[in-house]
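# Notes for the structure review
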Protein chains: 2
Amino acid sequence: MIEQIKPMDIERRSFEIITEILGERKLDPENELVIKRAIHTSADFDYADNLVFSEHAVLKGIEALKSGCDIVTDTQMAKSGINKTILAKLGGQVHCFMAEPDVAEEAKARGITRAIVSMERAAKLPKPCIFAIGNAPTALIRIREMMDAGELKPALIVGVPVGFVNVVESKELIIESAAPYIVARGRKGGSNIAAAICNAMLYQITR
Amino acid sequence: MIEQIKPMDIERRSFEIITEILGERKLDPENELVIKRAIHTSADFDYADNLVFSEHAVLKGIEALKSGCDIVTDTQMAKSGINKTILAKLGGQVHCFMAEPDVAEEAKARGITRAIVSMERAAKLPKPCIFAIGNAPTALIRIREMMDAGELKPALIVGVPVGFVNVVESKELIIESAAPYIVARGRKGGSNIAAAICNAMLYQITR
């Protein structure tokens, strides 16, 4: 027998169950809702351990969103998952340049990834941006390079690419950088986690 | 030092690493590429254990896709993640009715979820469909009800909603049904897993 329950009640009950399973484990209150939403979207409790935060990263992300910053992602999936209605009310929008034909052309001509070209496009946006990277380690590598060269100052980096090649290392480059960051250390992450982290910050503004 | 490596080489190397980590563990060759792609998209090796398959489910999914079947999803994220270029070459397309205004209206009027209304819409499509469910347990429950009533005959059910309320039970309803299924038993799953499973079948046709 499956009980009838409303969507918002399901979410509330889900967070209660996550809290119960975490048990004695205490999360930093500043980061708690981000961690729990990453678990909520994956049912993977590893995110209680692997998510690492620079000082006041979540608060900085929330302040940037309140100020109308945009979000740049490296996948259409992350773009789909981010709550664009709330973001728009705050004055922001989501950019994903990966599928634009001239990005593919430039990447091919230069022998680099589309993610690198996409981050270079994003660096030219006239607004502060949160970079939410769920797939491409090369995106994080190029972000770090542009930061080091003084060409980019992200409001926050959500560095959660998933994978087995260059992923772990690319995240460490962000952890060692001067930018505010939320990083899923290790191999895990993904577009769903990137979107969930952005939404966790958006929901703290509007709910 | 991070090595330069091409996207297709990254994917090949990633699958090699996944195979290495799986070690002595032998996967059913029919299901192997689906399981490995779910791991590839999440870096979560639990999918080697929790993915369960009805007899020849993957072969049946591949045959349906070759015959030009459509895919129905319950999230825009899964729709974004499915390789629509390959699907279109085979004669298929992806449907997600969740965001259509009249679906929301009907759901509100009837006091049910949008996912239920979306599945009812999908049941009226004039083609065989693969149902790829990454989020809503109510979608799986309604699919089972319509199957039992003789109103729906899915080509394959990819039943991988993620979550903490009604999710485990809804998946068991599909495992106990007469339909071909690929199900992530337990709480885990998600739109990324739903898309990865569809893509694993699509890539076996075209690569």
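In this report, the structure presented in the accompanying data block is examined. (Residues numbered from 1 in each chain as written. Chains lettered and ligands numbered in written order. Predicted model: local features only at pLDDT ≥ 70, side-chain atom pairs only at ≥ 80, totals over all residues. Heavy atoms only, no water.)

## A word on the packing of helix α7 (residues 101-110) of chain B against helix α8 (residues 114-123) of chain B
Residues and elements named next belong to chain B. With their axes 8 Å apart at the nearest point, α7 and α8 run at an angle of 120° to one another. In terms of orientation, α7 lies oblique with respect to α8. Where α7 crosses over α8, the two elements pack in a sense that is right-handed. Between α7 and α8, the contacting residues are Asp 102, Val 103, Ala 104, Glu 106, Ala 107 and Arg 110 on the first element and Arg 114, Val 117, Ser 118, Glu 120 and Arg 121 on the second. The residue makeup of the contact of α7 with α8, split by class, is four nonpolar, one polar and six charged. (Axes fitted to C-alpha atoms, helices over the stretch in contact; angles between N-to-C directions. Helix = DSSP H or I, 4+ residues; strand = E, 2+ residues; numbered from the N terminus. Parallel < 35°, antiparallel > 145°, perpendicular 65-115°, else oblique. Left-handed = near helix turned anticlockwise from the far one by under 90°. Contact = heavy atoms within 4.5 Å. Nonpolar A, V, L, I, M, F, W, Y, C, P; charged D, E, K, R; others polar.)

## As for the packing of aromatic side chains
Under the definition given, this model contains two aromatic pairs over all chains. Ring centres of A:Phe45 and B:Phe164 lie 6.0 Å apart, and the angle between their planes is 90°; on these two criteria the pair is classed as edge-to-face. Linking A:Phe45 in the loop between α2 (32-42) and α3 (47-50) with B:Phe164 in the loop between β5 (156-159) and α10 (167-175), this pair reaches from one chain into another. What makes B:Phe164 buried here is its relative accessible area of 10%. (Phe/Tyr/Trp six-rings, centres within 6.5 Å; stacked < 30°, edge-to-face > 60°. Buried < 20%, exposed > 50% of the residue type's maximum accessible area, 1.4 Å probe, protein only.)

## So, the relation of the copies chain B and chain A
For the pair chain B and chain A, the best superposition has an RMSD of 0.0 Å and corresponds to a rotation of 180° with a translation of 0.0 Å parallel to the axis. Taken together, these values place the two copies in the relation of a two-fold axis. Across chain B, the rotation axis passes nearest the C-alpha of B:Met77, at a separation of 2.4 Å. A shared binding surface is used by both copies, with 100% of the interface residues of chain B retained as interface residues in chain A. (Least-squares fit on C-alpha atoms with pLDDT ≥ 70 in both.)

It is worth stressing that arrangement in space is one thing and function is another; only the former is reported here.
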